[in-house]
Amino acid sequence: MSPYPSTKSQLALLSGAQKKTLEKIPHLEDIGGWLLLCEAVELFDLANRIDSINPIICEIGSWKGKSAYIFASALRDKGGILFAIDPFTGEGDGASEETYKADINKLDISLKNNFIQTMDKYSLMKYIKILPFKSEEARSKFNYDKIDLLFIDGNHGYEFVKKDYDLWSPLVVSGGSIILHDVKARHVTGPKLVFQECIAENSMWKNVRIVGEMAVAEKC
């Protein structure tokens, strides 16, 4: 996994407005996972800016709930639902799977139950629906025709990221957001390749930018 700068050094780079956003997700650092503070702020702000009625957010890859905590916290005042798509088995790309398995072995409950326990702790499960499947199986069980925000952060192998993009991005509404995590990470190449092939020069997407190590774009 890519080493992250210290929390102190990350905080020093945030604007006053970004620090205010962090105050809305005060338990972020208590939840296991890998997000830079600037990424966490961006995820919250993107979710918070959704103006549709009953917004739908989908995250592919939930792990212990760090990003789910952010999204569900943003949904707290606007309703809607976060779909947490993850088989909760710790499967991943070759660079990460060993780390995942070691972390799971330290838990005294299953990874899925750990996720639920964490979300319950912060009274957020009411905003979350778990789809405990791999991406393609979850897509067949997803009964909605639109997504306001899509966060792709599952298996980072190229073929898996591409499949996630192909299966789920057509559901993103005009004006909705797509985020690919770890586009700039050094330990994997799948997200970067999919970003370059499918988003960076694709006229379907606008306001394309890099925040931390993740790519963000808006559907035209």
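Overview of the structure. (Residues numbered from 1 in each chain as written. Predicted model: local features only at pLDDT ≥ 70, side-chain atom pairs only at ≥ 80, totals over all residues. Heavy atoms only, no water.)

All right, on to the overall build of the chain then. If you tally the helices and strands in the chain, you get nine helices and seven strands. The globule rule puts the C-alpha radius of gyration for 220 residues at 17 Å, and the 16 Å found for the chain is close to it. When the backbone C-alpha atoms are referred to their principal axes, the chain occupies close to 45 × 40 × 35 Å. Here the chain holds 220 residues, and 51% of them are scored as buried. Contacts in the chain between residues at least 24 apart in sequence constitute 73% of all its contacts with a sequence separation of at least 6. (Helix = DSSP H or I, 4+ residues; strand = E, 2+ residues; numbered from the N terminus. Rg over C-alpha atoms; globule rule 2.2 N^0.38 Å. Buried < 20%, exposed > 50% of the residue type's maximum accessible area, 1.4 Å probe, protein only. Contact = heavy atoms within 4.5 Å.)

Oppositely charged side chains can pair when the atoms bearing their charge come close. In total, this model carries six salt bridges according to the counting rule given. Across the pair Glu-42 and Arg-209 runs a salt bridge whose closest N-O atoms are separated by 2.5 Å. Within this pair, whereas Glu-42 is found in helix H3 (residues 37–48), its partner Arg-209 is found in strand S6 (residues 205–211), the two being separated by 167 residues in sequence. Of the residues examined, Glu-42 reaches a relative accessible area of 13% and is grouped as buried. Judged by its relative accessible area of 31%, Arg-209 falls in the partly exposed class. (Salt bridge = Lys/Arg side-chain N within 4 Å of Asp/Glu carboxyl O.)

With the rule as written, the count across this model stands at 11 aromatic pairs. With 5.5 Å between their ring centres and 45° between their planes, Phe-142 and Tyr-144 make a pair best called tilted. Under the relative-accessibility criterion, Phe-142 is labelled buried at 5%. We classify Tyr-144 as partly exposed; its relative accessible area is 42%. Following the ring pairs from residue to residue traces out a cluster consisting of Phe-83, Phe-142, Tyr-144 and Trp-168. Between Arg-139 and the ring centre of Trp-168, over which it is positioned, the NZ or CZ distance is 5.7 Å. Geometry around Phe-133 places Lys-141 over its ring, the cationic atom sitting 5.0 Å from the centre. (Phe/Tyr/Trp six-rings, centres within 6.5 Å; stacked < 30°, edge-to-face > 60°. Lys NZ or Arg CZ within 6 Å of the ring centre and 35° of its normal.)

Let us look at the packing of helix H8 (residues 158–168) against helix H9 (residues 190–198). Put simply, H8 and H9 touch, their axes get as near as 8 Å, and they point 45° apart. Between H8 and H9, the crossing angle belongs to the class labelled oblique. Relative to H9, the crossing made by H8 is right-handed. Judged by residue contacts, Tyr-158, Val-161, Lys-162 and Tyr-165 of H8 engage Gly-190, Pro-191, Leu-193, Val-194, Glu-197 and Cys-198 from H9. By residue class, the composition of the contact of H8 with H9 is seven nonpolar, one polar and two charged. (Axes fitted to C-alpha atoms, helices over the stretch in contact; angles between N-to-C directions. Parallel < 35°, antiparallel > 145°, perpendicular 65-115°, else oblique. Left-handed = near helix turned anticlockwise from the far one by under 90°. Nonpolar A, V, L, I, M, F, W, Y, C, P; charged D, E, K, R; others polar.)

Ranked by internal contacts, the top residues of the largest apolar core, which has 42 residues, are Tyr-69, Ile-70 and Leu-149. Counting only elements with at least two residues in this core, the list comes to H3, helix H4 (66–75), strand S2 (81–85), helix H5 (97–105), helix H6 (111–121), strand S3 (128–131), strand S4 (147–152) and strand S7 (214–219). Excluding its chain neighbours within four sequence positions, the residues that come into contact with Tyr-69 are Ile-25, Pro-26, His-27, Leu-28, Ile-31, Met-119, Tyr-122 and Leu-124. The next biggest cluster of nonpolar side chains, apart from the first, holds 27 residues, and it includes Ile-60, Phe-83, Ile-85 and Ala-138. (Core = buried A, V, L, I, M, F, W, Y, C linked by side-chain atoms within 4.5 Å.)

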